[in-house]
Structure formats: structure tokens, C-alpha cells
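Residue-level structural notes
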Amino acid sequence: MIPKAWKSPTSSTNSLPTLPPSLCPAPGCPMVEVTVTPRSSLADRPVRVHVRGLAPSELITLRAWLRDEQGERFQARAFFRADAMGEVDPGYHPALGGSYSGLYPMGLLWFLQPDTPFRRLLKRDVTGSPFRIHVEVFHGVLLVDGPQDRPLASCEAERWFVGAGVQRVPIREGRVRGALFLPPGPGPFPGVVDLFGGAGGLIEFRAGLLASRGFAVLALAFFAYEDLPRTMAQLDLEYFEEATAVLLQHPKVRGPGLGVIGVSKGAEVALAMASFLPLVVATVWINGTAFLHGNPLVYRDLCIPAIPYGVERLLITEMGALDNSAVFNDPRHPMSRSSAIPVERIKGKVLFVVGEADRSLNSKLFARLAMARMPPEQGRILSYPGAGHLIEPPCSPLCSISCIRGSPRPLLWGGEAKAHARAQEHSWKEIIRFLERELGCVSGKL
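Residues numbered from 1 in each chain as written. Predicted model: local features only at pLDDT ≥ 70, side-chain atom pairs only at ≥ 80, totals over all residues. Heavy atoms only, no water.

Topic: the environment of proline 376
Position of proline 376 relative to the elements: it lies in the loop between α5 (363-372) and β22 (379-384). Relative accessible area serves as the criterion here: at 63%, proline 376 is assigned to the exposed category. (Helix = DSSP H or I, 4+ residues; strand = E, 2+ residues; numbered from the N terminus. Buried < 20%, exposed > 50% of the residue type's maximum accessible area, 1.4 Å probe, protein only.)

Re α5
For α5, every residue scored as buried is listed here: Ser363, Leu365, Phe366, Ala367, Ala370 and Met371. Along its buried surface, α5 packs onto α4 (265-276), β16 (280-286), β21 (349-355) and β22. (Contact = heavy atoms within 4.5 Å.)

So, the pairing of strand β10 (residues 167-173)
The pairing of β10 with strand β11 (residues 176-182) spans 7 bridges and is antiparallel. Counted as the bridge partner of proline 170 is alanine 179 from β11. Connecting β10 to the next strand, β11, in antiparallel fashion are 2 residues, including glycine 174 with a positive phi near 60 degrees. (Pairing = 2+ DSSP bridges.)

Some points on the nonpolar core
The nonpolar side chains of soluble globular proteins are, as a tendency, buried together. Among the nonpolar cores identified, the biggest contains 135 residues, and Leu62, Leu195, Phe240, Leu271 and Leu435 are the most heavily contacted of them. Every residue in contact with leucine 271, bar those within four places of it in the chain, is listed here: Thr283, Trp285, Thr289, Ala290, Ile341, Val343, Ile346, Val350, Phe352 and Ala370. Leu322, Cys399, Leu411 and Trp413 belong to the second largest nonpolar core, which has 5 residues in total. (Core = buried A, V, L, I, M, F, W, Y, C linked by side-chain atoms within 4.5 Å.)

Focus on the sheet that holds strand β18 (residues 302-304)
Strand order in the open sheet made by the 3 strands is β14-β17-β18, with mixed pairing throughout. In the strand order of this sheet, the two ends are held by β14 (235-236) and β18, each with one partner. Across the face of the sheet, α4 comes into contact with β14, β17 (297-299) and β18 while running at roughly 30 degrees to β17. (Axes fitted to C-alpha atoms, helices over the stretch in contact; angles between N-to-C directions.)

Some points on the side chain of glutamate 392
Locating glutamate 392 in the fold gives a position in the loop between β22 and β23 (401-402). Here arginine 120 takes part through its side chain, which lies 2.3 Å from a polar atom of the side chain of glutamate 392. Apart from residues lying up to four places away in sequence, glutamate 392 is in contact with Arg120, Phe205 and Gln424. (Polar contact = N/O pair within 3.5 Å; in protein donor to acceptor, adjacent residues only side chain to side chain.)

Observations regarding the sheet that holds β21
The pairing of strands in a sheet happens through backbone hydrogen bonds and is either parallel or antiparallel. What the 8 strands build is an open sheet, ordered β10-β11-β13-β12-β15-β16-β21-β22; its pairing is mixed. One side of each edge strand has no neighbouring strand; the edge strands of this open sheet are β10 and β22. For this sheet the average axis-to-axis angle between neighbouring strands, irrespective of direction, equals 20 degrees. Bridge count for strand β12 (residues 189-195) against strand β15 (residues 253-263) is 6 bridges, and the pairing is parallel. Along β15, the bridge assignment pairs proline 190 with arginine 254. Sheet strands in contact with α5 are β16, β21 and β22, and its direction is about 160 degrees off that of β21.

So, the pairing of strand β5 (residues 73-81)
Remark: a regular strand shows side chains that alternate across the two faces of the sheet. Of all 9 residues that make up β5, 8 are buried, and the element is covered over most of its length. Inspection of the sheet shows strand β4 (residues 59-67) paired to β5 by 9 bridges, in the antiparallel sense. Note that in β5 the partner of leucine 66 across the bridge is phenylalanine 74. What sits between β4 and β5 in their antiparallel hairpin is a turn of 5 residues, with glycine 71 showing a positive phi close to 85 degrees. Where β5 and strand β7 (residues 113-114) come together, 2 bridges link them in antiparallel fashion. Looking across to β7, one finds that glutamine 75 is bridged to glutamine 113. Both β5 and strand β6 (residues 97-98) contribute to a ladder of 2 bridges, which runs antiparallel. By the bridge assignment for β6, alanine 78 is matched with glycine 98.

Some remarks on unusual backbone geometry
In this structure, proline 38 follows threonine 37 across a cis peptide bond, with omega equal to -10 degrees. Secondary-structure assignment places proline 38 in the loop between β1 (33-37) and β2 (40-42). Backbone geometry at glutamate 226 places phi at a positive 50 degrees, although glycine is not the residue there. By the element assignment, glutamate 226 lies in the loop between β13 (216-221) and β14. Look at glutamate 226 and you get partly exposed, because its relative accessible area is 41%. Even without being a glycine, serine 264 presents a positive backbone phi close to 60 degrees. Following the sequence through the fold, serine 264 ends up in the loop between β15 and α4.

As C-alpha cells, this is what we get:
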């Protein structure tokens, strides 16, 4: 829980911004006010939006928008009628229309969409700055806004991906490249390795949020970052074994076991780590496979061959995106058996998180096939109808199509906005509980 006086590492004030004179109501008109509480918060925590000073039953547009680090604008809007007190609270008043309809307290964040198609809202610099959310109130139904449209009221809120006191330590030890996020305090803290997918590089936002929950988290790059290989020719498990040693050797990390969380290709890697590395005692697998695809696994004298991608089955959607769902050959075919990750070797526990509307791969099938080869008490499947491939911490808007490094066209990830948002909210709580239970209770929560 964030204390009321919580401030971001670089914020200088918690006061609400004042409107310039050109945006202030005319003399004699009631003062409309919109607030976001708390004004500065972690990005996975709920906030309250509240509008006061409206006329009873007044029809308004609430708009939220932000700009990412490349300057791309993401926005959502919803239409409301004020209650008898002249107030609107999306937590109590259903939206009549707009980017969504119905009762969704966090709808203005859940349903953010980019002005430019196929952009994904992704925080890169998690420690240096927050996302700054602008919330504005307009009279009536505002479908398209222009310079002449002046808000009745506005405010700004900060959404941080690290809590106060969380430390980021760049990691360049041996071959290992990444960033270690440490909670405030002396520790020791349970350790977690955080992996993303086939785009490569280093993605840190989930690690920062987990560290704010009391975990010591190594956001691990494994290709297309610094001096690592630009492409992934093979899955070298000794690299990931070296990364676990780097994490566990840190004086603020509690052993002997650790956790791994991965999505997409990162989930495939996480399952392989759990199968071969006995120190991995808790694995969170999000929309991945249970077989080696595209890249063989090598570990010491062992080599597990990969199932080749069926690129001839790629589909191009009416939006111009690539639908990968048929690229993965049927893992139940006898010829695929030699490429199975040996999950029967796993000694720890595995939480499978499945989006049933995943258009990147049939993650539900892969989770079931893995569970069939494991003792039932070692695994659990959380399966979400309507959720897509990119299941992230709560309050992240659905990204159903986006461009990624190395793809000639945008990729289709799938998902329905409302169902996906609910899945993120529920699965994040379950992931935190799972890691706390399997790695031990944590201190240093924010």
C-alpha cells in the first residue's frame, strides 16, 4: 500500500496543476473540478477519478490521454451524465458510450488507444519518469476535439513503474546482461528472473512493479541488447543458469530457490529453466509453448531440436497485420515429441496464465499438454476467455496489434478489451500470491 504522502523519486510537488486563465470558467459559472486520487501512484494500482461542480444531469465527456517516450499520444474518452449532486465518478456511474460503456472504475486507463495504429504503450525508462495522465472534462459529447474545444476542468496524475526507494542496478557480469531491481530496505528479498519474448532487448516495467511488491527482480535480456547476439539462433540454457547464479549471489537476494516469470518466447524459456535448473522453484508461464519452436535448446551435452515454424501458413488480416496462430505446427504430432520441453523433470510449481483469445499461438493447448505430463499438484492453469496474448499488469491497455523488431508487418496479438482488462486485473493478483507463497513472504512492499 502506498502511503498518502508517497512521492515519486523525482517529483517535486504533489499540488494539482492550476488552469491557465483561458481555461477557467466564466465569472458567475459554477467551478467544475476533476481530481485523480492519488495523484501519484504505481501503475498497477487503482485510482479514483471524480468530477464535481456540474449541473444535475449534465452530459459530459471525460477524456484521458498521455504521451509515451516517443511522443505518441494514447487517449480514451467516455460520456457520462452527472448525478443529482452534479458529480461524476466512473467507479459509481456507468459510461454511456465512448471508448467503452458500462461500469469500469479504471476504464479511462484500460481503454487507452494510440492515435497512430499499431503502437504499443510500453514504458522503457521506468526509473527516470512516470507516465503523466491528463484528465479533462468537456461539456456534451465530444467525439473529436480540436484547438477550439476548451475543457471545463483538467488535472494531471503520475503513474510510476517503481515505488519510492526501489533501486535499479545495471547488470553486466560475465555474459549476463540486464537490470536488477531491489526493494528498499536491507533484505534479503526473494529473487525472480523476468523474461519477455521474441522482440528481444530489455523490458523492465514488470520488474519494477514486482520490486515494488517486495521481490528482487532481474529483468534479463537474452538477445538484441548491448553486446548480446542480435538474433536468437539457439536457446543456450547455460546463459540462463549463469543469470540465476548472478541473482542468487547478490547479498540482498534470499535463496536457495528463486522464481521465473515469462511471456511468449520468455514463457518457453521459463518452462525450460524450471525443467533443468533445480533452483527454479516457482514459474509463471504467460501465453507460451511447451515445446521448442524455431530455436533448439542446448544445455551442456544436451540438444533438444526445434519444431520449425510453418511460415507458409501466415495470414495477412484486413488490417494488414500478420496472424501467426497457424504457424505453430501441431505439437501432438508424433514427430514433435522430440521437441517437447521435459516438464516431467520440474520439481517446483508452475502457474500457467492463458489468454483464450490469443492470436499469436494456441497457448491453452500448450498449457494443457504441459500439465498432462506433470503431477497435477505441481501446476495450475488460469484460463481467461477473451484475453489476448500480451497479458500484462493491471491498468495496461489492451494491445491487440503492434509492430515489433524483426517483423515486416505488425503482429496480431488478439484479445477483447473488457475481457482482457479483467484478466490482467485478476491474473496479476494471482501471480503475486503465487510468488509469495512459493518463495516465502516478502518485506519491503510499497
